Amino acid sequence: GAGVSQTPSNKVTEKGKYVELRCDPISGHTALYWYRQSLGQGPEFLIYFQGTGAADDSGLPNDRFFAVRPEGSVSTLKIQRTERGDSAVYLCASSARTSGLDTQYFGPGTRLTVL
Amino acid sequence: GESVGLHLPTLSVQEGDNSIINCAYSNSASDYFIWYKQESGKGPQFIIDIRSNMDKRQGQRVTVLLNKTVKHLSLQIAATQPGDSAVYFCAEGGGSQGNLIFGKGTKLSVKP
């Protein structure tokens, strides 16, 4: 079946601009996660959703970042007033449920470059 | 905060040999551990996981060992192939939030 998909695969923007990154989880998965991966590092947790609600947003670095999942499926990560330090690969993952013990399946990521 | 780390940043092995990738974790409360493989330009791919009530789990050509006494995790790959070349991450989870904590990764290079 289809895995997690993310669009766009690459996004180049200028400092100060607004960007939206989209994630389509595996069908039927109720839990959705966003991570950020800098070059040479492991993914770092940003936020996760259980259904439509953000169950934990403790990983968001500041208030320029927020994410939504209005219908409990597709999620959008939104970054306002982008900064060069926001450049990274943004990964989305989904799992069947949030038990802390469920396998998370990752999408290919969106590579964001802020000039 | 708690962290997951790796003993070796790079590992080079001959094709056909066995590979062992090690990982140390610090949160004794973690009860779920996962290994992911990440190829260049792709997202992490699930390889194998293990619960804290187990000390060994086997998959196809891969084995994960968990030593809770010394908080150590290892991934063994049998008969390593060129297609195994990638960066391997261990991650820990099981907290109430459900998110994973990743280490920095080990780059595995397989020489033909």
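Keep in mind it's a predicted model, so treat the numbers as computed, not measured.

Student: Help me understand the overall build of chain B, please; the structure alone is not making it clear to me.
Tutor: If you tally the helices and strands in chain B, you get zero helices and 11 strands. Starting at the N terminus and walking to the C terminus, you meet the elements of chain B as β-β-β-β-β-β-β-β-β-β-β. Residue burial in chain B is summarised as follows: out of 112 residues, 44% are buried. If you take every contact in chain B between residues at least 6 apart in sequence, the share linking residues at least 24 apart comes to 53%.

Student: Would you take a moment to explain the packing of aromatic side chains for this structure?
Tutor: Working definition: an aromatic ring pair is given by the centre-to-centre distance plus the angle between the planes. For the structure shown, the criterion picks out 13 aromatic pairs over all chains. A ring pair is formed by F45 of chain A and Y48 of chain A, whose centres lie 6.5 Å apart and whose planes are at 50°; its orientation type is tilted. Just as F45 of chain A is buried, Y48 of chain A falls in that class too. Ring pairs connect the aromatic residues Y33, Y35, F45, Y48, Y105 and F106 of chain A together with Y36, F46, F89 and F102 of chain B, which therefore count as one cluster.

Student: Looking at this model, I keep getting lost on the side chain of R64 of chain A. Mind explaining?
Tutor: By the secondary structure assignment, R64 of chain A is in the loop between β6 (53-56) and β7 (65-68). Here R64 of chain A is in contact with K78, I79, Q80, R81, T82, E83 and D86 of chain A, once residues within four sequence places are set aside.

Student: When you look at the state of the cysteines in this model, what are you seeing that I'm missing?
Tutor: Cysteine pairs can be covalently joined through their sulfur atoms, and such a bond is termed a disulfide. In total, this model carries two disulfides over all chains according to the counting rule given. C23 of chain A shares a disulfide with C92 of chain A; S-S distance 1.8 Å. One disulfide, between C23 of chain A and C92 of chain A, carries an S-S torsion of -65° and so falls in the left-handed class. Pair noted here: C23 of chain A is in strand β3 (residues 19-24) and C92 of chain A is in strand β9 (residues 88-95), with a separation of 69 residues, a long-range link. Residues C23 of chain A and C92 of chain A agree in their burial class; the two are buried. Here C23 of chain B pairs with C90 of chain B through a disulfide, and the sulfurs are 1.8 Å apart. The chirality of the disulfide connecting C23 of chain B with C90 of chain B is right-handed, given an S-S dihedral of about 55°. You can see C23 of chain B sitting in strand β3 (residues 19-25) and its partner C90 of chain B sitting in strand β9 (residues 86-93), a full 67 residues away along the chain. On the basis of relative accessible area, C23 of chain B is assigned to the buried category, the value being 1%. On the accessibility criterion, C90 of chain B (0% relative accessible area) is buried.

Student: Mind showing me how you'd approach the pattern of salt bridges here?
Tutor: Opposite charge on two side chains permits them to pair, given that their charged atoms come into close proximity. On inspection of all chains with the given rule, the structure shows eight salt bridges over all chains. Between K78 of chain A and E20 of chain A there is a salt bridge, with the nearest N and O atoms lying 3.9 Å from each other. Pair noted here: K78 of chain A is in strand β8 (residues 75-79) and E20 of chain A is in strand β3, with a separation of 58 residues, a long-range link. As a salt-bridge pair, D84 of chain B and R61 of chain B come within 2.9 Å of each other at their nearest N and O atoms. On the criterion of sequence distance, the pair formed by D84 of chain B in the loop between β8 (72-77) and β9 and R61 of chain B in the loop between β6 (56-58) and β7 (62-67) is long-range, its members being 23 residues apart.

Student: Got a minute to help me understand the sheet that holds β8 of chain A in this structure?
Tutor: Within a sheet, neighbouring strands are paired by backbone hydrogen bonds and run either parallel or antiparallel to one another. All names here are of chain A. Across the sheet, which stays open at both edges, the four strands sit in the order β1-β3-β8-β7 with antiparallel pairing between neighbours. The open sheet has two free edges, formed respectively by β1 (5-7) and β7, since each of these has just one partner strand. Each adjacent strand pair in this sheet contributes to an overall mean axis angle of 20°, direction not counted. In terms of strand pairing, β1 meets β3 through three bridges, oriented antiparallel. By the bridge assignment, Q6 is partnered in β3 with C23.

Parameters at a glance
- Residues numbered from 1 in each chain as written.
- Chains lettered and ligands numbered in written order.
- Predicted model: local features only at pLDDT ≥ 70, side-chain atom pairs only at ≥ 80, totals over all residues.
- Heavy atoms only, no water.
- Helix = DSSP H or I, 4+ residues; strand = E, 2+ residues; numbered from the N terminus.
- Buried < 20%, exposed > 50% of the residue type's maximum accessible area, 1.4 Å probe, protein only.
- Contact = heavy atoms within 4.5 Å.
- Phe/Tyr/Trp six-rings, centres within 6.5 Å; stacked < 30°, edge-to-face > 60°.
- Disulfide = S-S within 2.5 Å.
- Salt bridge = Lys/Arg side-chain N within 4 Å of Asp/Glu carboxyl O.
- Pairing = 2+ DSSP bridges.
- Axes fitted to C-alpha atoms, helices over the stretch in contact; angles between N-to-C directions.

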